[in-house]
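# Topology and contacts: notes
Below, each chain spelled out in residue letters.
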Amino acid sequence: PGCVHRRAVAHLHAGRRVRRELEEGLLPRLRLEGEERNAIFKSVNVAPGDVERARDAKRGFTDSYRYEIAAYRSRGVALNVVPMVGHGTVRGMTVGQDARAPTADEMEGMKRLIAQAMDEGAWGMSTGLIYAPGCHAKVDELVELAKRVSAHGGIYAAHLRNEGNRLIEAIEEALEIGRRADLPVHISHFKAHGKPNWGHLKDAAALIDEARKKGLV
């Protein structure tokens with residue numbers, strides 16, 4: 001028993017005892033935000049597509065989930081960890097930071113990397129659609145990648161594209177991805193940003209309640 005930390009992006013190996021979180025009752029930790037930098041490959045200072053050399057031993061970055069999970073087991077970590085493959089990292093390694101749709105080859109590359117991470121222990125795909133490069137991804141791209149996650153029994157965890165005056169639209173997008181890819185949806189940061197938008201939460205909650213009845217969330 002205990003609370004779930006639903007937005008964990010810190011490097012767990014750096015402080016494996018995580019005393020503060022344990023004392024607060026936070027036990028499982030979901031690694032979200034779409035930027036799993038250390039879990040599949042490093043997204044900084046590595047040429048796009050150069051998966052084989054995407055390592056940084058000094059900071060513990062690895063190019064495969066199996067090494068990440070092995071590190072958890074060998075070093076130990078006080079919390080239960082739910083690792084997710086980051087869409088932002090995958091897109092950054094294939095498309096880069098360009099504000100455009102992926103080419104056919106880049107799309108296939110992203111699919112392969114998503115499938116690799118799922119094969120090696122990821123529980124699903126997380127997105128950070130309010131940040132670059134995730135913000136450049138259209139819904140069809142996300143659906144195609146989520147289908148690879150769905151094929152492995154995973155989930156889709158969305159940091160919504162908008163938390164203000166387009167909150168309802170952003171939630172509808174997340175639910176559409178789950179529906180079209182046939183996988184459960186987890187929504188991070190369920191809030192309405194900005195006082196003029198506070199009233200949208202009632203409608204947002206109604207959308208989620210309806211989706212829950214259909215098994216989407």
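The following refers to the structure shown. For every chain, the first residue of the written sequence is number 1, and numbering continues from 1 along that sequence. Given that the model is predicted, a residue must reach a pLDDT of at least 70 before its local features are reported, and side-chain atom pairs must reach 80 or more before they are shown or counted; all residues, however, enter totals for whole chains, interfaces and linings. Only hydrogens and water are set aside when side-chain values are computed; all heavy atoms of the structure are taken into account.

Trans peptide bonds make up the majority, and among non-glycine residues the majority have a negative phi. Of note, the bond from Ala 132 into Pro 133 is cis; its omega dihedral lies within 30 degrees of zero at 5 degrees. Mapped onto the secondary structure, Pro 133 falls in the loop between β5 (124–128) and α5 (139–151). Notably, Asp 182 is not glycine yet its phi reads approximately 60 degrees, a positive angle. Helix and strand definitions follow DSSP, with helices as H or I runs of at least four residues and strands as E runs of at least two, each counted in order from the N terminus. With respect to the helices and strands, Asp 182 occurs in the loop between α6 (167–181) and β7 (185–188).

Before going further, it helps to examine the environment of Val 139. Relative to the assigned elements, Val 139 resides in helix α5. As for Val 139 and Ile 177, which are separated by 38 residues in sequence, their C-alpha atoms are 7.1 Å apart. Contact criterion: two residues are considered in contact whenever any of their non-hydrogen atoms come within 4.5 Å of each other. What Val 139 contacts, discounting residues up to four positions off in sequence, is Glu 173, Glu 176, Ile 177 and Arg 180.

Two measures define how a pair of helices packs: the angle their axes make with one another and the distance between the axes. Direction vectors running N to C along helix α3 (residues 87–94) and helix α4 (residues 104–119) enclose 140 degrees, while the axes themselves pass 9 Å from each other. It follows from the interaxial angle that α3 and α4 lie oblique. The handedness of the crossing between α3 and α4 comes out as right-handed. Only Glu 106, Gly 109, Met 110, Leu 113 and Ile 114 of α4 make contact with α3, whose side of the interface consists of Val 90, Arg 91 and Thr 94. Only the contacting stretch of a helix is used when fitting its axis, a line to C-alpha atoms as for every element, and angles between N-to-C directions run 0 to 180 degrees. Just so you know how the angles are binned, under 35 degrees is roughly parallel, over 145 roughly antiparallel, 65 to 115 roughly perpendicular, and the rest oblique. By convention the crossing between two helices is left-handed if the near helix lies anticlockwise of the far one by an angle smaller than a right angle, and right-handed if it lies clockwise.

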